Amino acid sequence: MKVVYMSLTGQTRKFVNKLGMDLLELTPTNPFIPINEPYIIITPTYDKEVTEILNDFIETEQNRTHLQGVAGGGNLNFGQLFVFTAKDLAEEYQVPMIHEFEFQGNEEDVKKIRKAVDDLGFK
Ligand SMILES: Cc1cc2nc3c(=O)[nH]c(=O)nc-3n(C[C@H](O)[C@H](O)[C@H](O)COP(=O)(O)O)c2cc1C
């Protein structure tokens, strides 16, 4: 299972680097990268115009068919808007919302993502 992510200020990048999984970072310059293996998206939470590159990626070639789930990082101070980017993606593309965490996450968050990936049944 690959982890596809974006990161503006480095929190999500720090988190995904603790997972020990294959990573692909999306940048605004070229999110149109075809992928032919199962992946999850791990995303921070920002306004839609910032995170639109995730939609661009998912809608590239056959990418949508390989998307297995979404996890989100955010800041609980945003209240109702906590991790809305990940929640919206999970709903839009009808895949499980696998975990929510703050900033660069902690050991517990790492364990939960690993377990969720195991439960999805992919290597
Ligand atoms: C302009 C701005 C808007 C944000 N909006 C939200 C939000 O609506 N909900 C939320 O949970 N976190 C929000 N955050 C927090 C970030 O998603 C969070 O800090 C995240 O860990 C940043 O990840 P990154 O460093 O990988 O970009 C916002 C942060 C900034 C700077």
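Residues numbered from 1 in each chain as written. Predicted model: local features only at pLDDT ≥ 70, side-chain atom pairs only at ≥ 80, totals over all residues. Heavy atoms only, no water.

**Thoughts on the nonpolar core**
- Of all hydrophobic cores here, the largest spans 18 residues; its most connected members are Val 4, Tyr 39, Ile 41, Phe 57 and Ile 58.
- Broken down by secondary-structure element, the contributors of at least two residues to this core are β3 (39-43), α2 (48-58), β4 (67-74) and α4 (84-93).
- Judged by nonpolar contacts, the second largest core, of 16 residues, contains Met 1, Met 21, Ile 40 and Ala 116. (Core = buried A, V, L, I, M, F, W, Y, C linked by side-chain atoms within 4.5 Å. Buried < 20%, exposed > 50% of the residue type's maximum accessible area, 1.4 Å probe, protein only. Helix = DSSP H or I, 4+ residues; strand = E, 2+ residues; numbered from the N terminus.)

**Notes on the sheet that holds strand β1 (residues 2-5)**
- One open sheet holds the five strands; their spatial order is β2-β1-β3-β4-β5, and the pairing between them is parallel. Edge positions in the sheet fall to β2 (22-25) and β5 (97-102), since each of these pairs with one other strand and no more. Recorded for the sheet is a direction-independent mean angle of 20° between the axes of neighbouring strands.
- Strand direction decides the pairing type here: β1 and β2, joined by four bridges, are parallel. Along β2, the bridge assignment pairs Tyr 5 with Glu 25.
- In this fold α2 packs onto β1, β2, β3 and β4, with an angle of close to 170° to the strand it touches most, β3.
- Each of β3, β4 and β5 is contacted by helix α5 (residues 107-120), which is oriented at about 170° to β5, the strand it contacts most. (Pairing = 2+ DSSP bridges. Axes fitted to C-alpha atoms, helices over the stretch in contact; angles between N-to-C directions. Contact = heavy atoms within 4.5 Å.)

**Section: the packing of aromatic side chains**
- On inspection of all chains with the given rule, the structure shows two aromatic pairs.
- Here the aromatic rings of Phe 15 and Phe 101 are separated by 4.1 Å at their centres, their planes lie at 25°, and the arrangement is stacked. Of this pair, Phe 15 sits in helix α1 (residues 11-17) while Phe 101 is found in strand β5, placing the two residues 86 residues apart along the sequence.
- Phe 15 sits in the buried class, given a relative accessible area of 0%.
- Overall, Phe 101 belongs to the buried group, its relative accessible area being 2%. (Phe/Tyr/Trp six-rings, centres within 6.5 Å; stacked < 30°, edge-to-face > 60°.)

**With respect to α2**
- Turning to α2, its buried residues are Thr 51, Ile 53, Leu 54, Asn 55, Phe 57 and Ile 58.
- Packing partners of the buried residues in α2 comprise β1, β2, β3, α3 (63-66), β4 and α4.

**Thoughts on the environment of Asn 63**
- Inspection of the secondary structure puts Asn 63 in helix α3.
- Between the alpha carbons of Asn 63 and Pro 34 there is a distance of 6.2 Å; along the sequence they are 29 residues apart.

**Section: the site of the ligand**
- Taken together, the neighbourhood of the ligand is formed by 18 residues, with Ser 7, Leu 8, Thr 9, Thr 12 and Tyr 46 sitting nearest.
- Note that an oxygen atom of the ligand is positioned 3.0 Å from one of the backbone N or O atoms of Asn 75.
- When the ligand is considered free in solution it has 660 Å² of accessible area, and contact with the protein chains removes 79% of it.
- Of all elements in the fold, only α1 and β4 reach the threshold of two or more residues within the shell around the ligand. (Near = heavy atom within 4 Å. Polar contact = N/O pair within 3.5 Å; in protein donor to acceptor, adjacent residues only side chain to side chain. Areas by Shrake-Rupley, 256 points an atom, 1.4 Å probe, with all protein chains shown as cover.)

**Quick notes on the pairing of β3**
- The element β3 is extensively covered by neighbouring structure, given that five of its five residues are classed as buried.
- Residues Tyr 39, Ile 41 and Thr 43 of β3 are buried on one face, and the alternating residues Ile 40 and Ile 42, pointing to the opposite face, are buried as well.
- As paired strands, β1 and β3 are joined by four bridges and run parallel to one another. Counterpart to Lys 2 in the pairing with β3 is Tyr 39.

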